[in-house]
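# Secondary and tertiary structure notes
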Amino acid sequence: MEPGATAAQIGTVILTIQKFGGTPHTLHNDNRTVIAGIGLSEAIEPGMFTKMVGVERVSGIHQPYKLASREIKTESTVINVEGAAIGGETVIIIAGPCSVESRQQLLETAWAVKEAGAKILRGGAFKPRTSPYSFQGLGLKGLELLAEAREATGLPVITEAMTPEMVPLVAEYADILQIGARNMQNYGLLHAVGRIQKPVMLKRGMMSDVQELLMAAEYILSGGNYQVMLCERGIRTFNKMTRNTFDLAVIPLLKQLTHLPVIADPSHATGRWDLIAPMSRAAIAAGADGLMVEVHPRPEEALSDGPQSLKPERFARMMTSLQQVAQAVGRSL
Ligand code: PEP
Ligand code: MN
């Protein structure tokens, strides 16, 4: 629409899209309202919109991931979570334990990561473990502890929802809902988080390509939830010396293809605490909008992912070194 288009002019376009079987999605870009008409009947003449008052330009969206594409929205999306602007100039650091294990463990970690400059606290309450015999998370108790840590420290929290049924409960406690790598193509779950109005972090499946990741994001966006961020967390390759292979090039690639914020998770990408700092620096240099890092006060006692968890003092030291890299690429921390 033209910059000064009126609500009535916008409304007419929306009604016309609906009349021709399409679903309208209203986005904002470059001081304009952009209306995407997804699934319009073939019978419609694009010229028809061109003639409408208030319409500046009509064009097709060529990518299959339509709402996620930079074609429809050239401006980067910024997701505001309790004062943290994800996708803005500041690189947002999310840190905390892999799993919430106890009040003591969570609060100790939360205060330490806050002190070091993290803006968001992570912690799994429902854990998607490879083995059914491994620690499965504290469940509701874990969510309650996250709420307590949030209250105490003021840090917003991110935690995973594993099933569609779980989404309303997790959304009551979490500031950001996490969709884990194993669930990237759980379409029932994607539909469920597409219907809520809360930020979602979608992790790339360990065997998924970039287009599949963007199409998974499109499920959430097409449901009407536009607050989606993507997370590169490493993929499966033949290399056995790291848990996964950190697909670094995907960070600038995603920044080209989509307006959605891109987060890097060097912890799951490498599986080794000694590689987290260099890979974090690399991710920021490559253009990541944020990092998600696992921190545990006593990694040797962790109930999950101890080998990739940083001790608080190592995390704090890493944060200092990240500042210089952020500055070098025109960002702050
Ligand atoms: C996690 O972040 O807690 C997690 C389980 O990661 P992923 O889904 O990437 O394996
Ligand atoms: Mn983990």
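As the structure is a computational prediction, the values presented were derived from the model and not from experiment.

Time to look at the packing of helix 7 (residues 210–222) against helix 8 (residues 250–257). One way to put it is that helix 7 packs onto helix 8 with a least axis distance of 11 Å and a crossing angle of 50 degrees. The angle between the axes of helix 7 and helix 8 places the two elements in the oblique class. The handedness of the crossing between helix 7 and helix 8 comes out as right-handed. On helix 8, the residues touching Val 210, Leu 213 and Leu 214 of helix 7 are Val 250, Leu 253, Leu 254 and Leu 257. Among the residues making up the contact of helix 7 with helix 8, the classes are represented as seven nonpolar, no polar and no charged.

Taken together, the neighbourhood of ligand 1 is formed by Arg 122, Lys 127, Pro 128, Glu 160, Gln 178, Gly 180, Ala 181, Arg 182, Lys 203, Arg 233, His 268 and Met 292. Contact between ligand 1 and Gln 178: an oxygen atom at 2.9 Å from a side-chain N or O atom of the residue. Out of a free accessible area of 290 Å², ligand 1 has 97% covered by protein chains. Each residue belonging to the shell around ligand 1 can be placed in one class, and the counts come to three nonpolar, three polar and six charged.

One closed barrel accounts for eight strands, arranged 5-6-7-8-9-10-11-12; its pairing is parallel. The sheet shows a mean angle of 25 degrees between the axes of neighbouring strands, direction not considered. Two strands pair when backbone bridges link them, and strand 7 (residues 157–160) and strand 8 (residues 176–179) are joined in this way by three bridges, in the parallel orientation. The residue bridging Thr 159 from the neighbouring strand is Leu 177, located in strand 8. Of the strands in this sheet, strand 10 (228–232) and strand 11 (262–264) touch helix 8, which is tilted by about 170 degrees from strand 11.

Let's shift gears to the coordination of the manganese ion (ligand 2). Protein-derived ligands of the manganese ion (ligand 2) are Cys 98 (SG), His 268 (NE2), Glu 294 (OE) and Asp 305 (OD), with the metal-ligand distances lying across 2.0 to 2.3 Å. In primary sequence terms, the donor set of the manganese ion (ligand 2) follows C-x169-H-x25-E-x10-D. With His 268 in helix 9 (residues 266–270) and Asp 305 in the loop between strand 12 (290–294) and helix 11 (312–328), this residue pair connects regions lying 37 residues apart in the sequence. The residues His 268 and Asp 305 share a single accessibility class, namely buried.

One pass over the structure, following the stated rule, counts zero disulfides. Unpaired in terms of disulfides, Cys 231 finds its nearest cysteine sulfur in Cys 98, a separation of 13 Å.

A few words now on the environment of Tyr 226. Relative to the assigned elements, Tyr 226 resides in the loop between helix 7 and strand 10. Sequence separation of Tyr 226 and Gly 271 is 45 residues, and the distance between their C-alpha atoms is 31 Å. Excluding its chain neighbours within four sequence positions, the residues that come into contact with Tyr 226 are His 25, Thr 26, Leu 27, Thr 77, Leu 221 and Leu 260. Here His 25 takes part through its side chain, which lies 2.7 Å from a polar atom of the side chain of Tyr 226.

Here we take up the packing of helix 3 (residues 103–116) against helix 4 (residues 140–153). Taken N-terminus to C-terminus, the directions of helix 3 and helix 4 make an angle of 35 degrees; their axes are 10 Å apart at the nearest point. In this structure, the crossing between helix 3 and helix 4 has a hand that is right-handed. When helix 3 is examined against helix 4, the residues Arg 103, Leu 106, Leu 107, Ala 110, Trp 111 and Lys 114 are found in contact with a partner set consisting of Lys 141, Leu 145, Leu 146, Glu 148, Ala 149, Ala 152 and Thr 153. A class-by-class count of the residues in the contact of helix 3 with helix 4 yields eight nonpolar, one polar and four charged.

Cut-offs and rules
- Residues numbered from 1 in each chain as written.
- Chains lettered and ligands numbered in written order.
- Predicted model: local features only at pLDDT ≥ 70, side-chain atom pairs only at ≥ 80, totals over all residues.
- Heavy atoms only, no water.
- Axes fitted to C-alpha atoms, helices over the stretch in contact; angles between N-to-C directions.
- Helix = DSSP H or I, 4+ residues; strand = E, 2+ residues; numbered from the N terminus.
- Parallel < 35°, antiparallel > 145°, perpendicular 65-115°, else oblique.
- Left-handed = near helix turned anticlockwise from the far one by under 90°.
- Contact = heavy atoms within 4.5 Å.
- Nonpolar A, V, L, I, M, F, W, Y, C, P; charged D, E, K, R; others polar.
- Near = heavy atom within 4 Å.
- Polar contact = N/O pair within 3.5 Å; in protein donor to acceptor, adjacent residues only side chain to side chain.
- Areas by Shrake-Rupley, 256 points an atom, 1.4 Å probe, with all protein chains shown as cover.
- Pairing = 2+ DSSP bridges.
- Donors = N, O, S within 2.8 Å, 3.2 Å for Na, K, Ca; no water.
- Buried < 20%, exposed > 50% of the residue type's maximum accessible area, 1.4 Å probe, protein only.
- Disulfide = S-S within 2.5 Å.

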